[in-house]
Amino acid sequence: MNKAAQTLSPTMTDFSPKSDFLRTVGERGFIHQCSDFAGLDALALKGGVVGYIGFDATAPSLHAGSLVQIMMLHWLQKTGNKAIALMGGGTTMVGDPSGRDEGRRLLTVEDIEANKTGIKSVFAKFLTFGDGPKDAVMPDNAEWLTTLKWIEMLRDIGKHFSVNRMLSMDSVKLRLDRDNENGLSFIEFNYMILQAYDFTVLARRYGCNLQMGGSDQWGNIVNGIDLGRRLGLHQLFALTSPLLTTSSGAKMGKTAAGAVWLNADQLSPYDYWQYWRNAEDADVGRFLKLYTTLPIREVNRLAALGGAEINDAKKVLATEATALLHGRALAEKAAETARETFEQGGTAADLPTVMIDDAELAAGLGVLTAFVKAGLVPSTGEARRQIQSGGLRVNDQAVSDARQVLTAADAINDAAIKLSFGKKKHVLLRAG
């Protein structure tokens, strides 16, 4: 075992931080493991932490599952340290096997570039970028990974890695244990080397001394610490967060209808607001700590609400989380739309809208297909099952016949058809 793993302080219960950074992320529930609490705390106390998290560009938008990492960078900068949001233009070409039981689809360079453009804008909502000493920066590891020379990489970097230790990593063992075509590919096996190398490049270029990530990244991060030590760099640190699920065990950032995207062109601010409004009661206090910047005293007050009052706490969670990402005005607009729709029984004009061709509605649109087009259900089969349980409504009337056909005559207020799934998911269907 390497030195970094040996100095691990497993939980925050073993340590009382003095720095604003570790105290804040600790009391808000962001910490799972740290390679050296005392050393990192002393550095943070002086405002000397330069920390990074890498984000691979596997989709046109990040989703809510990435928010814990983004918020860790937010609090790092907010408490007087420097944050680095590393774009994984190079590592995306390889694919991270961590937490997966099959290989990622390899993307083209064009796809990766388009995805990077899509996800970059989100970070400006949470971080302050610039040229100042504590301003955040956003380098791209494609800059150095795509220019590596194979033989030099093997001689200078590869020699520091033990294959035996690499094979012991959970991300590797999971895939090797599967005796099928989804076994670990050689290209994925190299991912941990590239991630470790990233850490050392950032250490040299920016004085980076901390890598953060989810708990499934612990092995990869510790590899970077060990590589830095072998290369004679300054002390490096690891800090990981828990892998979060909802109280019912669902993955964060996923719903039955698909991913909870952070980009507004992928998911409307209203739907994003609704995602947080629909949080399970047991999750409200935890989510207020992680996904808002409300003071802890206010979080504790809201978390203590019981009975029907918990819904007030959920509305605060939804509005504050949405305000961080989409701005206060759109967050309050989403809250007002929800109030008009649910509390006044109206058809708010600001509900998410899906457009279809006039000809399609004139010819008659099957109700099952309509709900799929609206994004309220993933398939016509699921729509059929929801009809059987009374879960779908058209213009606030329950759908009882899966063969129902929608036409222009069904358009009501403002020439729209209101489709509803349950009590909280609504879409306006418009022809044009």
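Residues numbered from 1 in each chain as written. Predicted model: local features only at pLDDT ≥ 70, side-chain atom pairs only at ≥ 80, totals over all residues. Heavy atoms only, no water.

1. So, the packing of aromatic side chains
- For the coordinates displayed, the defined rule picks out 8 aromatic pairs.
- Aromatic pair W276 and Y291: ring centres 4.7 Å apart, planes at 45°, arrangement tilted. Of this pair, W276 sits in helix α13 (residues 269-277) while Y291 sits in helix α14 (residues 284-291), placing them 15 residues apart in sequence. The pair W276 / Y291 is uniform in exposure class, with both members buried.
- An aromatic cluster is present here, built from Y272, Y275, W276, F287 and Y291 joined pairwise through their rings. (Phe/Tyr/Trp six-rings, centres within 6.5 Å; stacked < 30°, edge-to-face > 60°. Helix = DSSP H or I, 4+ residues; strand = E, 2+ residues; numbered from the N terminus. Buried < 20%, exposed > 50% of the residue type's maximum accessible area, 1.4 Å probe, protein only.)

2. Here's the deal with the sheet that holds strand β1 (residues 33-34)
- Taken in spatial order, the 5 strands of this open sheet run β1-β5-β4-β2-β3, and their pairing is mixed. The open sheet has two edge strands, β1 and β3 (82-88), and neither has a second partner.
- Summarising the sheet, strand β2 (residues 50-56) and strand β4 (residues 210-214) pair through 2 bridges and their orientation is parallel. Residue Y52 lies in a different strand from β4, and its bridge partner there is Q211.
- Packing against the sheet, helix α3 (residues 37-45) makes contact with β1, β4 and β5 (237-241), and its axis sits at approximately 100° to β5. (Pairing = 2+ DSSP bridges. Contact = heavy atoms within 4.5 Å. Axes fitted to C-alpha atoms, helices over the stretch in contact; angles between N-to-C directions.)

3. Quick word on the pattern of salt bridges
- A complete count under the given rule lists 14 salt bridges for this structure.
- Between D226 and R229 there is a salt bridge; the shortest N-O distance is 2.5 Å. Note that D226 and R229 are positioned in helix α12 (residues 218-230) at a spacing of 3 residues, about one turn of the helix.
- Look at D226 and you get buried, because its relative accessible area is 9%.
- For R229, a relative accessible area of 43% gives the class partly exposed.
- Taken together, the shared-partner salt bridges connect E113, K116 and D140 into one network. (Salt bridge = Lys/Arg side-chain N within 4 Å of Asp/Glu carboxyl O.)

4. Overview of the confidence of the model for the protein chain
- Model confidence for the protein chain is summarised by a mean pLDDT of 86, while 88% of its residues fall at 70 or above.
- Note that pLDDT drops below 50 for residues 1-10; the model gives that stretch 20 contacts with residues more than four away or on any other chain. (pLDDT = per-residue confidence, 0-100.)

5. A word on helix α16 (residues 310-326)
- The end-to-end C-alpha separation of α16 is 24 Å, in line with the 24 Å expected for 17 residues at 1.5 Å each.
- Within α16, 13 of the 17 residues are buried, leaving the element largely enclosed by the surrounding structure.
- Positive backbone phi, approximately 100°, marks G327, located one or two places after α16. (Expected span 1.5 Å × (residues − 1).)

6. Side note on the nonpolar core
- Among the nonpolar cores identified, the biggest contains 71 residues, and F21, L67, I70, M212, L239, W276 and Y291 are the most heavily contacted of them.
- Element by element, the count of residues in this core is highest for helix α4 (residues 67-78), at 8 residues.
- In this structure M212 touches F21, Y52, I53, Q69, M72, L73, L76, I221 and L239, once residues within four positions along its chain are discounted.
- Within the second largest apolar cluster, 33 residues are counted, among which are V94, Y191, L194 and A238. (Core = buried A, V, L, I, M, F, W, Y, C linked by side-chain atoms within 4.5 Å.)

7. Side note on α4
- Relative to the 16 Å expected for 12 residues at 1.5 Å per residue, α4 spans 16 Å between its end C-alpha atoms, a close match to the ideal helical length.
- With 11 of its 12 residues buried, α4 lies for the most part within the structure.
- Taken together, the buried positions of α4 are L67, V68, Q69, I70, M71, M72, L73, H74, W75, L76 and Q77.

8. Overview of the packing of α14 against α16
- Two elements in contact, α14 and α16, have axes whose closest approach is 10 Å; the angle formed by their N-to-C orientations is 20°. On the basis of their axis angle, the class for α14 and α16 is roughly parallel. In the crossing of α14 with α16, the sense of the turn from one axis to the other is left-handed. Each of V284, F287, L288 and Y291 in α14 lies in contact with α16, whose residues at this interface are I310, A313, K314, L317, A321 and L324.
- Its residues placed into classes, the contact of α14 with α16 shows 9 nonpolar, no polar and 1 charged. (Parallel < 35°, antiparallel > 145°, perpendicular 65-115°, else oblique. Left-handed = near helix turned anticlockwise from the far one by under 90°. Nonpolar A, V, L, I, M, F, W, Y, C, P; charged D, E, K, R; others polar.)

9. Looking at the packing of α13 against α16
- It is at 8 Å that the axes of α13 and α16 come closest, and there the two elements cross at 140°. When the interaxial angle is binned, α13 and α16 end up oblique. Where α13 crosses over α16, the handedness of that crossing is right-handed. Two secondary-structure elements touch here, α13 through P269, Y272, W273, W276 and R277 and α16 through N311, K314, K315, L317, A318, T319, A321, T322, L325 and H326.

10. Details of the environment of A142
- Checked against the element boundaries, A142 lands in helix α6 (residues 142-145).
- Counting along the chain gives 54 residues from A142 to G88, while the straight-line C-alpha distance between them is 6.8 Å.
- Ignoring anything within four residues of it in the chain, the contact list for A142 reads G89 and G90.

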